[in-house]
Amino acid sequence: MKYRLAIFDLDGTLLNTLDDLASSINYALAYCSMPQRTTEEVKNMVGNGIRLLIERAVPCGTPANEINRVHTAFTEYYKAHNADLTRPYDGIYEMLNSIRLAGVLTAVVSNKADYGVQALCRKYFDGMFELAVGEKEGVRRKPYPDSVNEVLSFLGIDKTGAVYIGDSDVDIKTAANAGMNCISVGWGFRDREFLTENDADIIVSSPEELAKIILTESQKNQITKLI
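Residues take numbers from 1 onward in each chain, read along the sequence in its written order. Residue-level local features of this predicted model are given only where pLDDT is at least 70; pairs of side-chain atoms are given and counted only at 80 or more, and the full residue set underlies all totals for whole chains, interfaces and linings. Hydrogen atoms and water are omitted, and side-chain values are computed over all heavy atoms in the structure.

**Concerning the sheet that holds strand β5 (residues 131-135)**
Counted only if it meets this: One bridge is not enough; two strands pair if DSSP finds at least two bridges between them. Numbering goes from the N terminus for both helices and strands, where a helix is a DSSP run of H or I of at least four residues and a strand is a run of E of at least two. Here, two residues are considered to be in contact whenever any of their heavy atoms come within 4.5 Å of each other. Angles run from 0 to 180 degrees between N-to-C directions of axes, and those axes are lines fitted to C-alpha atoms, restricted for helices to the stretch in contact.
Ordered by their spatial adjacency, six strands build an open sheet running β5-β4-β1-β6-β7-β8, and the pairing between neighbours is parallel. The sheet is open, and its two borders are formed by β5 and β8 (203-204), each paired with just one other strand. Relative to strand β7 (residues 181-185), strand β6 (residues 162-166) is paired through four bridges, and the arrangement is parallel. Across the sheet, the residue bridging to Val 163 is Asn 181, located in β7. Lying over the sheet, helix α5 (residues 92-101) contacts β1 (5-8) and β4 (105-113), oriented at roughly 155 degrees with respect to β1.

In C-alpha coordinates form, the structure reads like this:
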(Lines give C-alpha, C1' and ligand atoms only; values in the text may rest on other atoms or scores of the structure.)
Protein backbone atom coordinates (compact mmCIF):
# COMPACT_ATOMS: atom_id res chain seq x y z
CA MET A 1 0.00 0.00 0.00
CA LYS A 2 1.54 3.27 -1.11
CA TYR A 3 -0.40 5.81 0.92
CA ARG A 4 -0.01 6.06 4.68
CA LEU A 5 -1.93 9.32 4.87
CA ALA A 6 -4.91 10.82 3.03
CA ILE A 7 -5.33 14.59 3.43
CA PHE A 8 -8.76 15.92 2.48
CA ASP A 9 -10.17 19.27 1.55
CA LEU A 10 -13.45 19.86 3.42
CA ASP A 11 -15.98 21.96 1.49
CA GLY A 12 -17.08 20.25 -1.70
CA THR A 13 -15.03 17.15 -0.91
CA LEU A 14 -16.30 15.70 2.37
CA LEU A 15 -19.15 18.09 3.13
CA ASN A 16 -21.71 19.87 0.98
CA THR A 17 -21.52 23.23 2.73
CA LEU A 18 -22.85 25.34 -0.13
CA ASP A 19 -26.32 26.18 1.19
CA ASP A 20 -25.01 27.36 4.55
CA LEU A 21 -22.27 29.41 2.89
CA ALA A 22 -24.80 31.00 0.53
CA SER A 23 -27.30 31.82 3.27
CA SER A 24 -24.55 33.26 5.46
CA ILE A 25 -23.06 35.46 2.75
CA ASN A 26 -26.53 36.69 1.80
CA TYR A 27 -27.31 37.47 5.43
CA ALA A 28 -24.11 39.53 5.63
CA LEU A 29 -24.80 41.30 2.32
CA ALA A 30 -28.35 42.15 3.35
CA TYR A 31 -27.13 43.37 6.75
CA CYS A 32 -24.87 45.81 4.90
CA SER A 33 -27.58 46.78 2.37
CA MET A 34 -25.88 45.07 -0.58
CA PRO A 35 -27.42 42.92 -3.35
CA GLN A 36 -27.88 39.19 -2.76
CA ARG A 37 -26.05 36.43 -4.61
CA THR A 38 -27.50 33.24 -6.05
CA THR A 39 -26.35 29.88 -4.74
CA GLU A 40 -24.72 29.17 -8.10
CA GLU A 41 -22.79 32.44 -7.91
CA VAL A 42 -21.57 31.59 -4.43
CA LYS A 43 -20.56 28.11 -5.63
CA ASN A 44 -18.26 29.68 -8.20
CA MET A 45 -16.74 32.06 -5.62
CA VAL A 46 -15.68 29.58 -2.93
CA GLY A 47 -12.35 27.82 -2.55
CA ASN A 48 -9.91 30.56 -1.63
CA GLY A 49 -11.00 31.39 1.91
CA ILE A 50 -13.74 33.51 3.44
CA ARG A 51 -12.11 36.87 2.78
CA LEU A 52 -11.88 36.28 -0.95
CA LEU A 53 -15.42 34.89 -1.00
CA ILE A 54 -16.63 38.13 0.51
CA GLU A 55 -14.53 40.29 -1.80
CA ARG A 56 -16.03 38.45 -4.76
CA ALA A 57 -19.58 38.68 -3.41
CA VAL A 58 -19.71 42.42 -2.67
CA PRO A 59 -20.37 44.90 -5.49
CA CYS A 60 -17.34 45.92 -7.52
CA GLY A 61 -15.65 48.95 -6.01
CA THR A 62 -16.87 48.34 -2.45
CA PRO A 63 -14.44 50.14 -0.08
CA ALA A 64 -12.36 48.13 2.36
CA ASN A 65 -14.23 49.32 5.44
CA GLU A 66 -17.51 48.03 4.00
CA ILE A 67 -15.91 44.72 3.04
CA ASN A 68 -14.78 44.47 6.66
CA ARG A 69 -18.38 45.04 7.82
CA VAL A 70 -19.62 42.22 5.59
CA HIS A 71 -16.81 39.97 6.84
CA THR A 72 -17.73 40.62 10.47
CA ALA A 73 -21.43 40.01 9.83
CA PHE A 74 -20.68 36.81 7.94
CA THR A 75 -18.43 35.47 10.68
CA GLU A 76 -20.94 36.12 13.45
CA TYR A 77 -23.76 34.50 11.49
CA TYR A 78 -21.79 31.55 10.11
CA LYS A 79 -20.45 30.59 13.53
CA ALA A 80 -24.06 30.00 14.60
CA HIS A 81 -25.38 28.57 11.31
CA ASN A 82 -22.54 26.57 9.71
CA ALA A 83 -24.38 23.25 10.09
CA ASP A 84 -28.01 24.15 9.41
CA LEU A 85 -28.05 22.54 5.95
CA THR A 86 -24.52 21.15 5.65
CA ARG A 87 -24.27 17.39 5.23
CA PRO A 88 -21.60 14.83 4.29
CA TYR A 89 -21.83 13.60 0.71
CA ASP A 90 -23.28 10.12 0.31
CA GLY A 91 -20.66 7.44 0.91
CA ILE A 92 -18.17 9.64 2.76
CA TYR A 93 -18.46 7.86 6.10
CA GLU A 94 -18.06 4.47 4.49
CA MET A 95 -15.01 5.65 2.54
CA LEU A 96 -13.32 7.10 5.63
CA ASN A 97 -14.07 4.01 7.69
CA SER A 98 -12.69 1.67 5.04
CA ILE A 99 -9.37 3.45 4.58
CA ARG A 100 -8.90 3.98 8.32
CA LEU A 101 -9.60 0.31 9.03
CA ALA A 102 -6.88 -0.47 6.49
CA GLY A 103 -4.42 1.65 8.47
CA VAL A 104 -4.43 4.86 6.44
CA LEU A 105 -4.23 8.01 8.57
CA THR A 106 -6.60 10.85 7.69
CA ALA A 107 -6.44 14.63 8.03
CA VAL A 108 -8.17 17.77 6.76
CA VAL A 109 -6.57 20.87 5.26
CA SER A 110 -9.05 23.56 4.25
CA ASN A 111 -9.19 27.24 3.31
CA LYS A 112 -12.29 27.54 5.47
CA ALA A 113 -11.72 29.61 8.60
CA ASP A 114 -10.27 27.38 11.30
CA TYR A 115 -13.24 27.91 13.65
CA GLY A 116 -15.53 26.45 10.98
CA VAL A 117 -13.22 23.53 10.21
CA GLN A 118 -12.97 22.54 13.87
CA ALA A 119 -16.72 22.90 14.51
CA LEU A 120 -17.76 20.90 11.44
CA CYS A 121 -15.17 18.16 11.97
CA ARG A 122 -16.34 17.75 15.58
CA LYS A 123 -19.98 17.60 14.53
CA TYR A 124 -19.73 15.28 11.55
CA PHE A 125 -16.41 13.45 11.89
CA ASP A 126 -15.59 13.27 15.58
CA GLY A 127 -12.51 11.08 16.05
CA MET A 128 -12.11 10.36 12.32
CA PHE A 129 -9.13 12.65 11.64
CA GLU A 130 -5.70 12.77 13.22
CA LEU A 131 -5.54 16.51 12.54
CA ALA A 132 -7.75 19.19 10.98
CA VAL A 133 -6.33 22.53 9.88
CA GLY A 134 -8.22 25.58 8.62
CA GLU A 135 -7.25 29.08 7.60
CA LYS A 136 -5.38 30.83 10.39
CA GLU A 137 -3.76 34.23 10.71
CA GLY A 138 -0.09 34.17 9.82
CA VAL A 139 -0.30 30.95 7.79
CA ARG A 140 -0.49 31.15 4.02
CA ARG A 141 -3.63 29.46 2.73
CA LYS A 142 -3.87 27.01 -0.12
CA PRO A 143 -2.52 26.72 -2.79
CA TYR A 144 0.55 27.40 -0.66
CA PRO A 145 1.58 24.07 0.91
CA ASP A 146 2.14 25.43 4.43
CA SER A 147 -0.81 23.71 6.13
CA VAL A 148 -0.21 20.46 4.26
CA ASN A 149 3.41 20.52 5.39
CA GLU A 150 2.22 21.19 8.94
CA VAL A 151 0.16 18.00 8.83
CA LEU A 152 3.00 15.95 7.34
CA SER A 153 5.39 17.20 10.02
CA PHE A 154 2.92 16.64 12.86
CA LEU A 155 2.26 13.04 11.78
CA GLY A 156 5.85 12.31 10.78
CA ILE A 157 4.96 11.19 7.27
CA ASP A 158 6.92 11.97 4.12
CA LYS A 159 5.04 13.57 1.22
CA THR A 160 5.68 10.47 -0.90
CA GLY A 161 3.49 8.49 1.49
CA ALA A 162 0.57 10.92 1.34
CA VAL A 163 -2.11 11.95 -1.13
CA TYR A 164 -4.20 15.11 -1.23
CA ILE A 165 -7.89 14.88 -2.15
CA GLY A 166 -10.00 17.88 -3.19
CA ASP A 167 -12.62 19.24 -5.55
CA SER A 168 -11.01 22.33 -7.07
CA ASP A 169 -8.12 23.81 -9.02
CA VAL A 170 -6.83 25.21 -5.72
CA ASP A 171 -6.49 21.66 -4.40
CA ILE A 172 -4.67 20.50 -7.53
CA LYS A 173 -2.20 23.38 -7.17
CA THR A 174 -1.83 22.72 -3.43
CA ALA A 175 -0.82 19.13 -4.01
CA ALA A 176 1.60 20.17 -6.75
CA ASN A 177 3.17 22.81 -4.51
CA ALA A 178 3.56 20.23 -1.74
CA GLY A 179 5.09 17.71 -4.16
CA MET A 180 2.28 15.22 -3.51
CA ASN A 181 -0.05 13.10 -5.59
CA CYS A 182 -3.57 14.47 -5.97
CA ILE A 183 -6.98 12.88 -6.46
CA SER A 184 -9.82 15.16 -7.56
CA VAL A 185 -13.45 14.38 -6.77
CA GLY A 186 -16.16 14.88 -9.35
CA TRP A 187 -19.06 15.52 -6.97
CA GLY A 188 -17.95 18.85 -5.51
CA PHE A 189 -18.10 22.54 -6.38
CA ARG A 190 -16.24 22.21 -9.71
CA ASP A 191 -17.29 19.93 -12.55
CA ARG A 192 -15.17 17.32 -14.30
CA GLU A 193 -14.55 19.47 -17.37
CA PHE A 194 -13.18 22.28 -15.19
CA LEU A 195 -10.96 19.87 -13.25
CA THR A 196 -9.61 18.33 -16.45
CA GLU A 197 -8.85 21.78 -17.86
CA ASN A 198 -6.95 22.54 -14.66
CA ASP A 199 -4.63 19.54 -14.95
CA ALA A 200 -6.37 17.02 -12.72
CA ASP A 201 -4.48 13.73 -12.94
CA ILE A 202 -7.16 11.53 -11.41
CA ILE A 203 -10.87 12.30 -11.12
CA VAL A 204 -13.12 9.93 -9.18
CA SER A 205 -16.89 9.70 -9.42
CA SER A 206 -17.71 8.26 -6.00
CA PRO A 207 -16.26 7.88 -2.50
CA GLU A 208 -16.16 4.11 -3.12
CA GLU A 209 -13.93 4.64 -6.14
CA LEU A 210 -11.77 7.01 -4.11
CA ALA A 211 -11.27 4.41 -1.36
CA LYS A 212 -10.30 1.79 -3.93
CA ILE A 213 -7.60 4.01 -5.42
CA ILE A 214 -6.21 5.00 -2.03
CA LEU A 215 -6.03 1.39 -0.92
CA THR A 216 -4.97 -0.48 -4.03
CA GLU A 217 -2.93 1.71 -6.36
CA SER A 218 0.80 1.73 -5.76
CA GLN A 219 2.23 4.05 -8.39
CA LYS A 220 0.71 7.25 -9.77
CA ASN A 221 1.92 6.49 -13.29
CA GLN A 222 0.05 3.19 -13.24
CA ILE A 223 -3.30 4.92 -12.81
CA THR A 224 -5.19 5.77 -15.96
CA LYS A 225 -6.76 9.23 -15.84
CA LEU A 226 -10.47 8.83 -15.10
CA ILE A 227 -12.51 11.14 -17.30
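**Some thoughts on helix α1 (residues 18-31)**
Convention followed: To estimate the expected span of a helix, subtract one from its residue number and multiply by 1.5 Å. Working definition: with a 1.4 Å probe on protein chains only, accessible area under 20% of the residue-type maximum means buried, over 50% means exposed, and in between means partly exposed.
Look at α1: 20 Å from first C-alpha to last across 14 residues, which is about the 20 Å you get at 1.5 Å a residue. Where α1 is concerned, the buried positions are Leu 18, Asp 20, Leu 21, Ala 22, Ser 24, Ile 25, Asn 26, Ala 28 and Leu 29. The inward-facing, buried residues of α1 contact β2 (15-16), α2 (39-45), α3 (50-57), α4 (64-81) and β4. Note on α1: the residue one or two positions beyond its end, Ser 33, has a positive phi of about 60 degrees.

**Examining the pattern of salt bridges**
This is how the line gets drawn: Criterion for a salt bridge: a side-chain nitrogen of Lys or Arg within 4 Å of a carboxyl oxygen of Asp or Glu.
Scanning the entire structure with this criterion turns up 10 salt bridges. Connected via shared salt-bridge partners are Asp 9, Lys 142 and Asp 171.

**Considerations on the packing of aromatic side chains**
Selection rule: Between the rings of Phe, Tyr and Trp (Trp by its six-membered ring), a pair exists once the centres lie within 6.5 Å; its type follows the angle of the planes, with under 30 degrees stacked, over 60 edge-to-face, and the other angles tilted.
Scanning the entire structure with this criterion turns up six aromatic pairs. Seen in terms of ring centroids, Tyr 27 and Tyr 31 are 6.2 Å apart; in terms of plane orientation they differ by 25 degrees. Their pairing is stacked. With Tyr 27 and Tyr 31 both in helix α1 and four residues apart, this pair spans about one turn of that helix. Exposure remark for Tyr 27: the relative accessible area of 35% places this residue in the partly exposed category. Relative to Tyr 78, the ring of Phe 74 has its centre 5.3 Å away and its plane inclined at 20 degrees; by these criteria the two rings are stacked. A residue pair is termed a helical-turn pair when its members lie 3 or 4 positions apart in one helix, as Phe 74 and Tyr 78 do in helix α4 at four residues. Taken individually, Phe 74 and Tyr 78 each receive the classification buried, so the pair is uniform in this respect.

**Considering the nonpolar core**
Cut-off, in case you're wondering: For the purposes of this section, nonpolar cores are sets of buried Ala, Val, Leu, Ile, Met, Phe, Trp, Tyr and Cys residues that join through side-chain atoms within 4.5 Å.
If you look at the biggest cluster of nonpolar residues, it comprises 56 residues, and the most contacted ones within it are Phe 8 and Phe 125. If you tally residues by element for this core, the top one is α1, at six residues. The residues contacting Phe 125, other than those within four sequence positions of it, are Leu 10, Leu 14, Leu 15, Pro 88, Ile 92, Tyr 93, Leu 96 and Leu 120.

**Quick look at the pairing of β5**
Our working definition: With strands facing away from the observer, any crossover in which the path from the first strand over the helix to the second runs clockwise is taken as right-handed.
Burial within β5 is extensive, with four of its five residues counted as buried. Note: β4 against β5, four bridges, orientation parallel. Bridge assignment links Val 109 to a residue of β5, and that residue is Val 133. A crossover connection joins β4 to the parallel β5 through helix α6 (residues 114-125); in handedness this β-α-β unit is right-handed.

**Focus on the pairing of β7**
Taking burial as the measure, the five residues of β7 include five buried ones, the bulk of the element. What you see with β7 is no split at all: Asn 181, Ile 183 and Val 185 on one side and Cys 182 and Ser 184 on the other are buried throughout. At this point the chain moves from β6, through helix α8 (residues 169-178), to the parallel β7, and the crossover so formed is right-handed. Each parallel crossover has a hand, and for β7 linked through helix α9 (residues 192-197) to β8 it is right-handed.

**Here we look at the packing of α1 against α4**
This is how it is decided: Just so you know how the angles are binned, under 35 degrees is roughly parallel, over 145 roughly antiparallel, 65 to 115 roughly perpendicular, and the rest oblique. Crossing handedness is read from the near helix: turned anticlockwise from the far helix by less than a right angle, it gives a left-handed crossing, and turned clockwise, a right-handed one. Polar here means any residue other than Ala, Val, Leu, Ile, Met, Phe, Trp, Tyr, Cys and Pro, which are nonpolar, and Asp, Glu, Lys and Arg, which are charged; Gly is therefore polar.
At a closest axis distance of 8 Å, the pairing of α1 and α4 adopts a crossing angle of 140 degrees. Relative to α4, the element α1 is oriented oblique. Handedness of the crossing formed by α1 with α4: right-handed. Contacts from Asp 20, Leu 21, Ser 23, Ser 24, Ile 25, Tyr 27, Ala 28, Leu 29 and Tyr 31 of α1 reach α4 at Arg 69, Val 70, Ala 73, Phe 74, Tyr 77, Tyr 78 and His 81. Its residues assigned to classes, the contact of α1 with α4 comprises 11 nonpolar, three polar and two charged.

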